[in-house]
Every structure is written in C-alpha cells, then in structure tokens.
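Observations on the model geometry
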Amino acid sequence: MTSRTNEALPISVKNVTKTYGPVHALNDVSLEVQSGEFLTLLGPSGSGKTTLLMVLAGFTRPDCGSLKFGDREVIRTPPHLRDVGMTFQSYALFPHMTVAGNVGYPLKLRKVPKPEIAARVEAALDTVQLGGFGDRRIDQLSGGQRQRVAVARAIVFEPRILLMDEPLSALDKKLRDQMQIELRHLHEKLGMTTVYVTHDQREALTMSDRIAVVNHGRIMQLATPRDLYERPANRFVADFIGESTFLPVSRQGDTVLFDGTPLLHDSPPPEAASLLLMVRPERVVLSREGPREGVNNFAATATEVVYQGDSFLLHAALADGAQIVLRGAMRGANVTALPAVGDALTLCLAPEDTVLIDGSEA
Amino acid sequence: MEAVRTNELGLRRDEWLERMKLFGLGSPAILLILVILVIPVGWLFYVSFIGADGTFSLENYERMLKRKSYARIFQTTFEVSFLTTGLCILIGYPLAYFIAGLPNRIANLCLITVLLPFWTSLLVRTYAWLVLLQKRGLVNEWAISLGLWDEPIKIVHNMTGTLIGMVHIMLPFLILPVYGAMKAIDRDLMKAASNLGASPRRAFWTVFFPLTLPGLFAGSLMVFILCLGFFVTPAVLGGGKVIMVSMKIVSNIELFVNWGAASALGVVLLVSTMVILWIASRFLNLEKMTGGGH
Ligand SMILES: Nc1ncnc2c1ncn2[C@@H]1O[C@H](COP(=O)(O)OP(=O)(O)OP(=O)(O)O)[C@@H](O)[C@H]1O
Ligand SMILES: [Mg+2]
C-alpha cells in the first residue's frame, strides 16, 4: 500500500429515519463517527445494521435526516460519487471477472495506470493473504476466500471511509481471529474512518474504538467496548453483551436493597424508576468458607454444574428463586472437586463489580 | 483380501449396469431422433445429389453456383435474418431490462403480455399485419391524420413489411432468455459497482451487460436460426419481393417438381446454419470460460 495523502473523514448522521411500511428499519438515528475511528454497529438480526450502512453508502434513501462526510452534506449524493469502500454481506463479487479483475475494478475506474493497478492489486491481495490468487475465477474460491477478496476490493482504492457488513462471518474461528487483527492493523495503517457491522459481540469488543448497539432501528448505546461492558445503559445492552443475569433491587433513599439487605456498590445507581442488579458470570466469586467481609454475599443452592474445559458454569438459585450464573476458572480446589448439584453455597460480588442498571424496558 | 477383490468386481459391474439402465431410458428418444431426423436428413443429402436424369450428379449444386438468382436468395435470407435479429435485440433488450426492473407481480403480467401473441396462430398474426400495413390500412391512415406523412406509403409487400412482421413474431424468443439472464443477476453486484465508483452507465456496461451476454447470445441465436428457415411471414408480407430460401424450396417443388434442386437448397441452408451454430457455440463457451455463464 502506498502511504495516504488524504485525511480520513468524520461521519455525522442526524435524525435519520427509514421505514418499510410499518417497520422502522431506522428510527431517528443520530451518530457521530470521528475521523479515523473504528466504529462497530452491533445488534441482533433485523435490527437495522445493514440499512444504516446502506444509507451511509447511498443505496437506501432515508425518509428524512442528514448525513455529512466531513463538512459535505451527502444525503443526496449518488453512491458512485461518495467514494466510500464497502464490503457487502453477500460479497457481491463480479462473477465474470477474475480475482484480480474484481480487485482492480475500482482502480480501473479511477484511471490508474495499468502497471500500478497490478502492483496495488497484488499488495491488496497480500494483505488479505490471497497473494497469487489473482488469476482465479470467483467460482473457484471458498466462501472465506470470497469474503477476503471483497475486503481487498474495498480497501484497494484507499477510500477515506470504509464500510464493512459482516466481512468475516463466513470464516472459521482461527482465520477470523487472524483477520480481525489483520483488519485492525490495516485500519491503523490506512487510518480510514471505518463503520463495521457484526452481530458477534466478541468481534465487536476486540476490534472497535467504539460500539453502537442497535435494536429495532435505534441506537441503544454508543460507547467504548469497556464502558459498554462495564456500564451498560439499559437492560437490552446489558443482556445483549455478555451473559448477565439480572436481579430486581429496590431503592430506599440513598441505599439500594436486595432481598431486604443493603448492597455495597462503588458507582452510583442511575436515576431510574426501577433498578436491576446486573450480575456478570465471571465477576461472581464462589466462596467455600462462607460469607466474606466487604462484599455482597448471596446464599444460594447449586442447580446445575457444567464443566467446560478451561472453566465451569454454575447455575445457582437464590433464596427467592432468582437465578445467578457463575463462571469459575478451572484451577486450585475446583480441579479437585467442583460443587455438586444441591450444595449450599455462598456467592460473593465485590462492590466494584456490583453494577446497577436502569431496569425499564427501553 | 479375496473378499475385497470380489467387491471390486461387483462394484464395477454395478456401475456398468447403472450406465446401461440410463442408456435404456434414453433409447426411445434416440430411436425417435434416428427415425425423424437422421434418416430424412440423410435422404435429403442423397436426393440433392440426384440429377434430372435420375443419376448421381452435382448439377443441383452447380446450378446454385452459376445462377445469380440463387446467390441473391441466400443473400436475402441472411440479410432478413440478420436484420430481424438485430432489430429484436434493439427492441427486446431494453424491454427485457425494463420488465426486469419492475416489481415481480407487474413483471409477470408483462411477460404474459409478451407471450400473448403465441396464443394466436402465426398465419393470423401475419395477415393481421397485412391488414394494418396496407395502403388504406390503419397505420397509413393514422399516420396521415396525425400528419406524419401526406400520401399513403408502401410499408408492406416489401422488405419493411417483412421485417415488421418477423420482428414481431421473433421478439418473445429473444426477450425470454434475456429476461431470465437479467433476473439471475444479484442486485448487490450493481450496488458494488457503483460503490466502487462506477457511474450508472459504466456499471451497466462493465457489470450488467456482460452478465446478460449468455442469455443474449442464446436468444439471438434462436431468433437467427428460426429466421433462416422462415416461410409464412416473408411470403405474405414480402409480396414476392423478398424471396428467402424456404420460398425457393417450395417453388422448386410445387412449380417445377424438382426434388433434387429443393434438396440441395435445404442442404446448403442446413450446413450454413450448422456452421453458424458451431461458431456461436465457441463464443458461448468463451463466455463460460470467463465465468459469465452459470
Ligand atoms: N427492502 C426492504 N423491504 C422491506 N423491509 C426491509 C427491507 N430491507 C430491510 N427491511 C427490514 O428492515 C429491518 C432491518 O433490516 P436490516 O437488513 O438492516 O437488518 P440487519 O441488522 O442488517 O440484520 P442481519 O444481522 O440479519 O443482517 C428488518 O426488519 C428488515 O426486515
Ligand atoms: Mg445485515
């Protein structure tokens, strides 16, 4: 790749709505993507991720709203003049061209001289580990190879904005992990503003500067991976990311009670009518010596124990019947003997791990 | 070890049996083709080499080479076929493109309309054109009342009339395969092209059009070959001015009862058609090799 001459562009989405009949594919979405940022849209199937990407690329005309690349309003700019790279969920490779023909296509349109096209195509293919595949026909490639050709084609003309719709979904785990790092490096090297779509939360947490969690055409929360995981704004986000269980708690003045006992918590609870205690499985600690000092203790009974190699999952029922899931590392005493179903246990949650969230359904 | 050997023989026998069964299924069709195609065509070849005196001779072919009129007939035949095919492409391709862009239900309705002419006989349609195009026909009268031209003009009993009729009849044969090819194109491909910087026109010529080529080839070929042997429409609408090979064959038989001459014409037409098919199939294969065919 040649070094970049042009700067990345910030993207500003304001009040974009797109309806399909009664369906709000996008519902008043506003989003600021900083220049050079790697932002991921994360959400369940049908939540509007592809629709938002299509609006950015110019293929879907929203009902209303504004879209700016830098200072330029582009909501009415046709797709071919937007100069954004994109990978499609269906790959969309041209079947009548070779791999090199596909990757070289945007360069040919930009009237890049032939020898330079060849060099840049080869470099782009190397980046996605498909060096030497230039002469292959598209139907001679596996699904994962096609996805990588699509990525190569989207980056080869060094767009200032790159949109990717689940570009790694067809890859096996090992190659996906590798490509995630590859794409991250590429992003660091080329510095283009990237909007990435996935419904794999681990992928989102691994790769992103910030993540926008989308549901029913709305952005539920926009935050760094860390904030999203540690401080989810609402129950949907807390539920969608990680494998939390939730316990209903009540507020009494400044204290928060669970089952009549005050909870110790480091961060203040949100201002909301109803509160929930979010319990992350890996944050709960199994205490073999009874209640501990300075933490929240829960008396529980083991209902299911699952051995998973590197860790174990323990489902436990609290006195009032609420369920807590605990993930523990397989080491020390746990290797010798895991708790058995029916055992009475004490589960501990440190004050810094005691996260209270807004319990209203949003 | 011994048992494994026996298995191998058994497996080979099974495969052979399977093949024979398949062949058995195909044999009625093979027989039919033999009876209605190979034998008559062989007979055709044979008859074309029989002279007026009933002995073997090349006179039928020599006559074709010597007389200018034959050359003109072949020229007309290919001219009409080329022009019809070309006009069908010019009219049919945009129409197929238009229909392919419509919502599915409306598109189906349009396709039925395209096929509607098949519900009436060829002869009826041809005579209908005769009525429409004649001197005092609907087309002339409307054109005059609209001021397009002042005097009734001759648009039938000549090349123009023949082409109008032929194009009308051949159009569905072109539209259907082209439409099929267009429908098979993934919509995301056009989006990808424009995302990569292609203007709508560029995207059409570099992505859409190449992907419809196999369908266009198939349709054009069908139209062209059907045209080569066409009889009714040029006979009725050409008014004796457009003489195609098929018409010469008929007159050779009906007027001169010269089976040999008629057969020779048939043979030349058949061979030239096959040559065209062969050339075209090489193009089609080329298309497959570049990944255009599916
Ligand atoms: N062309 C369309 N016509 C009608 N409804 C549509 C259309 N495109 C999308 N939708 C609807 O809009 C909603 C959002 O779709 P979208 O494709 O953006 O989901 P997504 O988040 O990309 O899902 P996935 O993860 O499955 O790809 C869905 O309910 C979908 O049914
Ligand atoms: Mg999608």
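Because the structure is a prediction, the values reported are computed rather than measured. (Residues numbered from 1 in each chain as written. Chains lettered and ligands numbered in written order. Predicted model: local features only at pLDDT ≥ 70, side-chain atom pairs only at ≥ 80, totals over all residues. Heavy atoms only, no water.)

**Points about the layout of surface pockets**
Residues and elements named next belong to chain B. Note the cut-off: Site definitions follow a grid-based scheme: protein atoms alone, a 1 Å grid, a 1.4 Å probe that fits but cannot get out for cavities, and for pockets an open set with protein on both sides within 12 Å along at least five of seven lines, plus lining residues having an atom within 4 Å of a point. Grid points are joined across faces, edges and corners, and a volume is the space filled by probe spheres set on the points. Helix numbering and strand numbering both begin at the N terminus, where a helix is a DSSP run of H or I of at least 4 residues and a strand a DSSP run of E of at least 2. Residue type decides the class: Asp, Glu, Lys and Arg count as charged, Ala, Val, Leu, Ile, Met, Phe, Trp, Tyr, Cys and Pro as nonpolar, and the leftover types, Gly among them, as polar.
Of the voids in this model, the largest pocket is the one considered here, and its volume is about 600 Å³. Along its surface, the largest pocket is lined by 19 residues, and Tyr-97, Arg-187, Met-190, Lys-191 and Phe-208 are the ones closest to its centre. For the lining of the largest pocket, the secondary structure elements donating two or more residues are helix H3 (68–100), helix H7 (159–183), helix H8 (187–195) and helix H9 (200–228). When its residues are assigned to classes, the lining of the largest pocket shows twelve nonpolar, three polar and four charged.

**Some details on the coordination of the magnesium ion (ligand 2)**
To keep things clear, this is the line we draw: Counted as coordinating are nitrogen, oxygen and sulfur atoms within 2.8 Å of the metal, or 3.2 Å for Na, K and Ca, while water is not included, which may make sites look incomplete.
Coordination of the magnesium ion (ligand 2) by the protein involves Thr-50 of chain A (OG1) and Gln-89 of chain A (OE1), with metal-donor separations of 1.8 to 2.6 Å. With Thr-50 of chain A in helix H1 (residues 49–57) and Gln-89 of chain A in the loop between strand S6 (84–87) and helix H2 (99–109), this residue pair connects regions lying 39 residues apart in the sequence.

**Some remarks on the packing of aromatic side chains**
Heads up, the rule is: For this analysis, a ring pair means two rings from Phe, Tyr or Trp (six-membered ring only for Trp) whose centres lie within 6.5 Å, classed as stacked if their planes differ by under 30 degrees, edge-to-face if by over 60, and tilted for the remaining angles. Only lysine NZ and arginine CZ atoms are considered, and such an atom sits over a ring when it is within 6 Å of the ring centre and within 35 degrees of the ring normal.
By the definition in use, this model includes 19 aromatic pairs over all chains. The ring of Tyr-229 of chain A is capped by Arg-280 of chain A, whose NZ or CZ atom sits 4.0 Å from the centre of that ring. The cationic tip of Lys-248 of chain B hangs over the ring face of Tyr-70 of chain B; the distance from NZ or CZ to the ring centre is 5.4 Å.

**Focus on the domain arrangement of chain B**
Residue and element names in this part refer to chain B. The test is simple: All domain edges in this entry derive from an automatic or database-based domain assignment. Should any heavy atoms of two residues lie within 4.5 Å, those residues are considered in contact. What counts as buried area is the accessible surface, traced by a 1.4 Å probe, that two parts surrender upon association, with contributions from both included. For the purposes of these results, a polar contact is taken to be a pair of N or O atoms within 3.5 Å, where, inside protein, one atom must be able to donate a hydrogen and its partner to accept one; residues adjacent in sequence count only when each atom of the pair is a side-chain atom.
Domain annotation of chain B identifies domain 1 (1–48) and domain 2 (68–293). Domain 1 and domain 2 are separated by 38 Å when their C-alpha centres are compared. Across the contact, five residues belong to domain 1 and eight residues belong to domain 2. Both sides together, the interface formed by domain 1 and domain 2 hides about 480 Å², and carbon and sulfur atoms give 86% of it. Taken together, the connections running from domain 1 to domain 2 amount to zero residue pairs in polar contact (both at pLDDT 80 or more). Among the residues making up the side of domain 1 that touches domain 2, the classes are represented as four nonpolar, one polar and no charged.

**Some words on the side chain of Arg-210 of chain A**
Examined against the element boundaries, Arg-210 of chain A turns out to sit in strand S9 (residues 210–215). When near neighbours in sequence (up to four residues on either side) are disregarded, Arg-210 of chain A contacts Glu-32, Val-33, Gln-34, Glu-37, Phe-38, Leu-39, Thr-40, Leu-222, Ala-223, Thr-224 and Pro-225 of chain A.

**Here we look at the site of ligand 1**
Residues and elements named next belong to chain A. Under the convention used in this document: Distances are taken per atom, and a residue is near a molecule or strand as soon as one of its heavy atoms is within 4 Å of it. Working definition of accessibility: Shrake-Rupley area with a 1.4 Å probe, residue cover restricted to the visible protein chains.
Lining the immediate environment of ligand 1, one finds 14 residues, of which Ser-45, Gly-46, Lys-49, Thr-50 and Thr-51 sit closest. Within the backbone of Ser-47, a nitrogen or oxygen atom sits 3.2 Å from an oxygen atom of ligand 1. Within the side chain of Thr-51, one N or O atom sits 2.5 Å away from an oxygen atom of ligand 1. Within the complex, the protein chains bury 61% of what would otherwise be the 640 Å² of accessible surface of ligand 1. Where the shell around ligand 1 is concerned, the elements lending two or more residues are strand S2 (23–33) and H1. The greatest single-element share of the shell around ligand 1, amounting to three residues, is contributed by H1. Taken together, the residues of the shell around ligand 1 break down into four nonpolar, eight polar and two charged.

**Here's the deal with the pairing of strand S18 (residues 323–329) of chain A**
As a reminder of what qualifies: Note: two strands are recorded as paired if DSSP finds a minimum of 2 bridges between them.
One ladder, built from seven bridges, connects strand S17 (residues 311–318) of chain A with S18 of chain A; its direction is antiparallel. Its bridge partner being in S18 of chain A, His-315 of chain A is matched across the sheet by Val-325 of chain A.

**So, H2 of chain A**
Keep this limit in mind: Only protein chains enter the accessibility calculation, which uses a 1.4 Å probe; a residue is then buried when its area is under 20% of its type maximum, exposed when over 50%, and partly exposed in between.
With eight of eleven residues buried, H2 of chain A lies mostly within the body of the structure. Listed as buried for H2 of chain A are Val-99, Asn-102, Val-103, Gly-104, Tyr-105, Pro-106, Leu-107 and Leu-109 of chain A. Residues of H2 of chain A that are buried sit in contact with helix H3 (114–127) and helix H4 (143–155) of chain A together with H8 and H9 of chain B. Where H2 of chain A ends, the next residue or the one after it, Lys-111 of chain A, has phi of about 60°, a positive value.

**Some words on the interface of chain A and chain B**
Short version of the rule: A side-chain nitrogen of Lys or Arg and a carboxyl oxygen of Asp or Glu constitute a salt bridge if their distance falls within 4 Å.
Contacts between the two partners involve 23 residues from chain A and, on the opposite side, 25 residues from chain B. When the area that chain A buries against chain B is broken down by residue, the three leading residues are His-80, His-96 and Leu-109 of chain A, summing to 31%. Put simply, chain A and chain B have zero salt bridges between them. There are seven residue pairs in polar contact (both at pLDDT 80 or more) connecting chain A and chain B.

**Some remarks on the sheet that holds S2 of chain A**
Pairing between the strands of a sheet comes from backbone hydrogen bonds, and it takes one of two forms, parallel or antiparallel. All names here are of chain A. Applicable threshold: Under this scheme, a helix contributes an axis fitted over its contacting stretch, all axes are lines through C-alpha atoms, and angles between N-to-C directions fall in the 0 to 180 degree range.
As summarised here, the arrangement of the four strands in space is S2-S1-S4-S5, forming an open sheet in which the pairing is antiparallel. Edge positions in the sheet fall to S2 and strand S5 (72–73), since each of these pairs with one other strand and no more. Bridge count for strand S1 (residues 11–20) against S2 is seven bridges, and the pairing is antiparallel. By the bridge assignment, Ile-11 is partnered in S2 with Val-33. Sheet strands in contact with H1 are S1, S2 and strand S4 (64–69), and its direction is about 60° off that of S2.

**What about empty space enclosed by the protein?**
Residue and element names in this part refer to chain A. Under the counting rule described, the total for this entry stands at two cavities of 30 Å³ or more. Each pocket or cavity is described by its volume, and for the largest cavity that value is around 40 Å³. Considering the residues around the largest cavity, the lining is formed by Phe-38, Leu-162, Met-164, Leu-183, Leu-186, His-187, Met-192 and Thr-194. When residues in the lining of the largest cavity are grouped by element, the largest group, three residues, is from helix H5 (residues 173–190). Looking at side-chain class alone, the lining of the largest cavity contains six nonpolar, two polar and no charged residues.

**Considering the nonpolar core**
Inclusion rule: By nonpolar core is meant a set of buried Ala, Val, Leu, Ile, Met, Phe, Trp, Tyr and Cys residues that side-chain atoms within 4.5 Å join together.
Counting 109 residues, the largest nonpolar core has Ile-11, Leu-41, Phe-94, Val-103, Tyr-105, Leu-163 and Val-195 of chain A as the members making the most contacts within it. Per element, the largest residue contribution to this core is eleven residues, and it comes from H7 of chain B. Non-local contacts of Leu-163 of chain A, meaning those with residues more than four positions away in its chain, are made with Leu-53, Leu-56, Ala-57, Val-84, Gly-85, Met-86, Thr-87 and Val-195 of chain A. Listed in part, the 26 residues of the second largest apolar core include Phe-258, Leu-275, Phe-298 and Leu-356 of chain A.

**Some words on the pattern of salt bridges**
All names here are of chain A. Taken as a whole, this structure holds 17 salt bridges over all chains when the rule is applied. Across the salt bridge formed by Arg-137 and Asp-139, the nearest N and O atoms sit 2.9 Å from each other. Between Asp-209 and Arg-184 there is a salt bridge, with its nearest N and O atoms 3.5 Å apart. A residue pair is termed long-range when its members are at least 10 positions apart, and Asp-209 in the loop between helix H6 (201–207) and S9 and Arg-184 in helix H5 qualify at 25 residues. By sharing partners, the salt bridges in this structure join Arg-184, Glu-188 and Asp-209 into a single network.

**Considerations on the side chain of Thr-233 of chain B**
All names here are of chain B. By the element assignment, Thr-233 lies in helix H10 (residues 232–237). Look at Thr-233 and you get buried, because its relative accessible area is 0%. With sequence-adjacent residues up to four places away left out, Thr-233 is seen in contact with Thr-126, Thr-162, Gly-165, Met-166, Ile-169 and Gly-238.

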